[in-house]
Amino acid sequence: MKRWPGLIKSYRDWLPVSESTPVITLKEGGTPLIPVASISKRIGGNTKVYVKYDGLNPTGSFKDRGMTMAISKAKEEGCKAVICASTGNTSASAAAYAKRGGMRAFVLIPDGYVAQGKLAQALVYGAEILAIKGNFDHALDIVREISDSYPVTLVNSVNPYRLQGQKTAAFEIIDDLGEAPDWLCIPMGNAGNISAYWMGFKEYFNAGKCKNKPQMMGFQASGSAPLVYNKTIIDPETIATAIRIGNPVNKEKAIKAKNESNGAFLDVTDKEIIEAYKLLGKEEGIFCEPASAASIAGLLKRKDEVPTNSTIVCVLTGNGLKDPECAIENNDAYFHKGVEANIKKVASIMGF
Ligand SMILES: *Cc1c(COP(=O)(O)O)cnc(C)c1O
């Protein structure tokens, strides 16, 4: 079996790299496309639903796809430090790749709103962390100004190389299925990922690699849905902290993706997100972040509009281990504490 060499080497001809670009990689990409029968069943008919499990990337989220590109290009340009604002996953990914490339990584996070696993990663990867009293949107304003004034490269999804790297997920889906899906369901925060997927689908389509393009279905949390309501949200709130963003930087691109693909944007409540999150865990053995579960929650909410006999891919953007607190607070598990170390007791609790 040939080893996966990472997405830059795998899709080199489709990416803005040259022989002289140093490839900073952790072998990201090449993630599995997994059928989810329990979700297909809920949709009914002959619809087949898959998840693109991008939580299996090296730092546990799809951000690694963009970061291998952004950091490799920064290295090529002689950059010594990178900076980002982050709800958590961008900081984890930026820190990992920056360190691998021998650079400093500065990250601004909203104080108190970053999931524990993501914070743990940034700490261990040796990021220089500034927890600011404000939300993601405030942090992004600051890092944009800093990167304009000082010798640090911005690696948020305003960095065009991020989207270039992220578009490879669309290539992988088509390479796996042999055709584009009918729907691509995806959570939206800054809406870079939906824009990147659409770019990827269009490029493969234009190159004759597929006969169709999917309808792009973007989902946001109800308390944080600027693209659904078409207005900036000053104080976004949701349990899905990865998409707790009130003023998405890629909104124009995302709206274009929706319109060109005849897609749609819809919001899902935190309750619907958690239902989908638990469902994936209990019935499919797949543990994703709450933000990722928005793609499944959105699909289930729109199930009456699903075209018959269609193929649907839901993007699971991040790994459930990122946010252990959410998992511990939101589950239907039987958890017996303080059980006596006695065979009879254990057997009786088991129902024997
Ligand atoms: C970053 C992130 C998102 C949102 O992606 P955008 O490109 O900002 O729309 C969704 N889910 C997870 C887990 C993320 O880390």
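Up top is the structure.
This text gives an overview of the structure that appears in the document. The structure presented is a predicted model; accordingly, all values stated were derived computationally and were not measured.

## Let's talk about a nonpolar patch on the surface
Thinking step 1. A cluster of nonpolar residues, Val339, Val346, Ile349, Met350 and Phe352, forms a patch on the protein surface that exposes about 510 Å² of accessible area.
Thinking step 2. Along the chain, the position of Val346 falls in helix 15 (residues 343-350).

## Quick notes on the nonpolar core
Thinking step 1. Counting 37 residues, the largest nonpolar core has Val49, Cys185, Ile296, Leu299, Ile312, Cys314 and Leu316 as the members making the most contacts within it.
Thinking step 2. If we skip the residues at most four places from it in the chain, Ile296 touches Ile39, Val51, Ala276, Leu280, Cys314 and Leu316.
Thinking step 3. The next biggest cluster of nonpolar side chains, apart from the first, holds 31 residues, and it includes Leu7, Leu33, Ala180 and Met188.

## Concerning the site of the ligand
Thinking step 1. Surrounding the ligand, one finds 15 residues, the nearest of these being Lys63, Asn89, Asn190, Ala191 and Thr317.
Thinking step 2. Within the side chain of Lys63, one N or O atom sits 2.6 Å away from an oxygen atom of the ligand.
Thinking step 3. Measuring from an oxygen atom of the ligand, one finds a backbone N or O atom of Asn190 at 2.8 Å.
Thinking step 4. When the ligand is considered free in solution it has 380 Å² of accessible area, and contact with the protein chains removes 97% of it.
Thinking step 5. Broken down by class, the residue content of the shell around the ligand amounts to six nonpolar, seven polar and two charged.

## Regarding the sheet that holds strand 2 (residues 48-53)
Thinking step 1. Sheet architecture is open: six strands sit in the order 1-2-10-7-8-9, paired in mixed fashion. Two strands lie at the open edges of the sheet, namely strand 1 (33-35) and strand 9 (264-268), each paired on one side alone. Neighbour-to-neighbour, the strand axes of this sheet turn through a mean angle of 25°, independent of strand direction.
Thinking step 2. The pairing of strand 7 (residues 183-187) with strand 8 (residues 215-221) spans five bridges and is parallel.

## Focus: the packing of aromatic side chains
Thinking step 1. Overall, the coordinates contain six aromatic pairs when judged by the stated rule.
Thinking step 2. Considering the side-chain rings of Phe171 and Tyr204, the 4.3 Å spacing of their centres and the 10° angle between planes classify their relative orientation as stacked. Residue Phe171 is located in helix 8 (residues 168-177), and its partner Tyr204 is located in helix 9 (residues 192-206); the two are separated by 33 residues in the primary sequence. The pair Phe171 / Tyr204 is uniform in exposure class, with both members buried.
Thinking step 3. Ring plane angle 55° and centroid distance 6.2 Å describe the contact between Tyr277 and Phe287, whose orientation is recorded as tilted.

## Quick notes on the pairing of strand 10 (residues 311-316)
Thinking step 1. Most of strand 10 is tucked away: five of the six residues are buried.
Thinking step 2. Where strand 2 lies against strand 10, six bridges are found, and the strand directions are parallel. Note on strand 10: the bridge partner recorded for Tyr53 is Leu316.
Thinking step 3. Where strand 7 and strand 10 come together, three bridges link them in parallel fashion. Of the residues in strand 10, the one forming a bridge with Leu184 is Val313.

Calculation criteria
- Residues numbered from 1 in each chain as written.
- Predicted model: local features only at pLDDT ≥ 70, side-chain atom pairs only at ≥ 80, totals over all residues.
- Heavy atoms only, no water.
- Patch = residues over 30% accessible without salt bridge, like charges linked within 9 Å, V, L, I, M, F, W, Y side chains within 5 Å.
- Areas by Shrake-Rupley, 256 points an atom, 1.4 Å probe, with all protein chains shown as cover.
- Salt bridge = Lys/Arg side-chain N within 4 Å of Asp/Glu carboxyl O.
- Helix = DSSP H or I, 4+ residues; strand = E, 2+ residues; numbered from the N terminus.
- Core = buried A, V, L, I, M, F, W, Y, C linked by side-chain atoms within 4.5 Å.
- Buried < 20%, exposed > 50% of the residue type's maximum accessible area, 1.4 Å probe, protein only.
- Contact = heavy atoms within 4.5 Å.
- Near = heavy atom within 4 Å.
- Polar contact = N/O pair within 3.5 Å; in protein donor to acceptor, adjacent residues only side chain to side chain.
- Nonpolar A, V, L, I, M, F, W, Y, C, P; charged D, E, K, R; others polar.
- Pairing = 2+ DSSP bridges.
- Axes fitted to C-alpha atoms, helices over the stretch in contact; angles between N-to-C directions.
- Phe/Tyr/Trp six-rings, centres within 6.5 Å; stacked < 30°, edge-to-face > 60°.

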